[in-house]
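Below, each chain spelled out in residue letters.
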Amino acid sequence: MSFLCFNLYLLGLKLNHPYLLAEVVIIWKSVSVFLLAVSSLTFSSNYINVERDKLNYEILNVSINNNTLVIDGWATMPSSQHFLSNTTHSYDLELNSDKELVNLPGTLIATDLTQQMSFSGNKTCNSSTINTDICNYNHKNVGFKFSIRLDQLNADQDYNVYLKMHAKQANKRYRIPVFYVTDGEKILKSERNQYIIKSDFSHAKFSIFAHTLIARDRPSPKGNYVYTKQSCSTSYKDIGYLRQNAVFQNIKDISLYDNRITYFKVRVQPNGCVNNRSRLVESNTSNLYAYVPSTHINYLGQAMTISVRALASKPNLFVEDVILNQYDRYDPYKYAQATDLYDGNISRKITIDSTNVNMNIPGLYQTCYSVTNTSNFTTQGCGRVEVIAIPTKKRFVSKYTIHDTYLKRWDRNKLKTKLHVQEFKLSEVIDK
């Protein structure tokens, strides 16, 4: 492609043909964009986005334990290879927000789904067989656990959750958005934040990807068949099979079978015959119900998100009312302390918003403070400062207590005469 563009470019120069030159530039730009896209794909993680018919999974629980967010579940690739241990497969979890990307490896758990994933009548695949659906694989140790430190998730972030699985023998790397089937939003709390798990089943929809899925009358693979009055063959009679690609969006209830597989209760009605089987689709009016296992459906709509929000917890601010003498030294920080449930003592973060204290003039004053914790919550408070006047002291003045140096602004002779007269009168009283 590049060689062709170059030759066309030379031809355009030789013929001095502006339109040919312009076309070559457009083609070259398109080739550059294509090569850039291929380059980006080549150097990416090489995970392919798929649906649950390729990567079948179930999220069983999301919890907080010892400042760790724990996600438990299982996942497998139905028609790829045997899954036995960490030598055959591995899991990763991707948490993706607008501002950051978190990838975490998972731990394998001893969950065996061989029976649930097997098709009756097929033999077990050979150990070297890969990528086929004409035999049954072993699906052992396909449980997983992800442990996410809470400090890896930032407040005011919404994380989309993706599950990634690597089948090593088949050399497949699949990535899928995660649904967590619950009967409402799940809210978990730590000391500082709350974690909202948004994956409400009442807002979820799903489609059937299997063409041989029998409708059951209870949430179990051992439940009775749902029968219809529609007979399509003597072999299958009027057994109800869910129609492939049928969409269900009015989920009536959910149940967890064997603590592993979710069953959805839906209202159904007959919808003709396909491959000699009576097919069922969703109904809004019939009284016929069926239970659909999550192992044979693709989820539709908004996948699971983890929203991290700071708890509305303000710090505590303690301000002391004080009484001080006129001219005393006033340190406003001495009379305020602050604590926080998460940050502890944060008195060093106290700031003074305003103060009108004047220690030279007696009166009532006020100092106002504020303090902010690490979650950006602020508390404000004010304290009263009373400045009281110093008492006036009177002293007796005589010629023995006043030195001449303090009389420079006085008429010394008059003052001495005055003191002498007072002293003479006092001596007369004593003599008498």
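Here the structure is a predicted model, which is why all the values come from computation and not from measurement.

What counts as what
- Residues numbered from 1 in each chain as written.
- Predicted model: local features only at pLDDT ≥ 70, side-chain atom pairs only at ≥ 80, totals over all residues.
- Heavy atoms only, no water.
- pLDDT = per-residue confidence, 0-100.
- Contact = heavy atoms within 4.5 Å.
- Core = buried A, V, L, I, M, F, W, Y, C linked by side-chain atoms within 4.5 Å.
- Buried < 20%, exposed > 50% of the residue type's maximum accessible area, 1.4 Å probe, protein only.
- Pairing = 2+ DSSP bridges.
- Helix = DSSP H or I, 4+ residues; strand = E, 2+ residues; numbered from the N terminus.
- Polar contact = N/O pair within 3.5 Å; in protein donor to acceptor, adjacent residues only side chain to side chain.
- Salt bridge = Lys/Arg side-chain N within 4 Å of Asp/Glu carboxyl O.

## Side note on the confidence of the model for the chain
Looking at the chain, pLDDT values average 84 and 79% of them are 70 or higher. Predicted confidence for residues 8–44 stays below pLDDT 50, and this span has 17 contacts to residues more than four positions away or in other chains.

## Looking at the nonpolar core
Phe206 and Ile306 are the most contacted members of the largest nonpolar core, which has 66 residues in total. With residues up to four places along the chain from it excluded, the contact list for isoleucine 306 reads Leu69, Ile71, Leu95, Gln157, Asp158, Tyr159, Val161, Ile196 and Ile197. With 15 residues, the next largest nonpolar core counts Tyr335, Met359, Tyr369 and Val387 among its residues.

## Observations regarding the pairing of strand β7 (residues 143–149)
Within a regular beta strand, the side chains point alternately toward one face of the sheet and then the other, so they alternate between its two faces. As paired strands, strand β3 (residues 68–76) and β7 are joined by 7 bridges and run antiparallel to one another. Considered in β7, the bridge of threonine 68 is made with arginine 149. Of the pairings in the sheet, the one linking strand β6 (residues 107–109) to β7 comprises 3 bridges and is antiparallel in character. The residue of β7 that forms the bridge with isoleucine 109 is glycine 143.

## Re the environment of aspartate 321
Tracing the chain through its elements places aspartate 321 in the loop between β21 (316–319) and β22 (322–325). Put simply, aspartate 321 and glutamine 366 are 45 residues apart on the chain and 9.1 Å apart in space, counted from C-alpha to C-alpha. Non-local contacts of aspartate 321, meaning those with residues more than four positions away in its chain, are made with Gly383 and Arg384. Within the structure, aspartate 321 has its side chain in polar contact with the backbone nitrogen of arginine 384 (distance 2.7 Å).

## Observations concerning the pattern of salt bridges
The tally for this structure, following the rule as stated, stands at 8 salt bridges. Residue glutamate 94 pairs with arginine 175 through a salt bridge whose shortest N-O separation is 2.8 Å. Of the two residues, glutamate 94 sits in strand β4 (residues 89–96) while arginine 175 sits in strand β9 (residues 172–177), which places them 81 residues apart along the sequence. With respect to burial, glutamate 94 and arginine 175 carry one shared label: buried. Of the charged contacts in the structure, one is a salt bridge between arginine 149 and aspartate 151, with a shortest N-O distance of 3.0 Å. Where salt bridges share partners, they join Glu94, Lys164 and Arg175 into one cluster.

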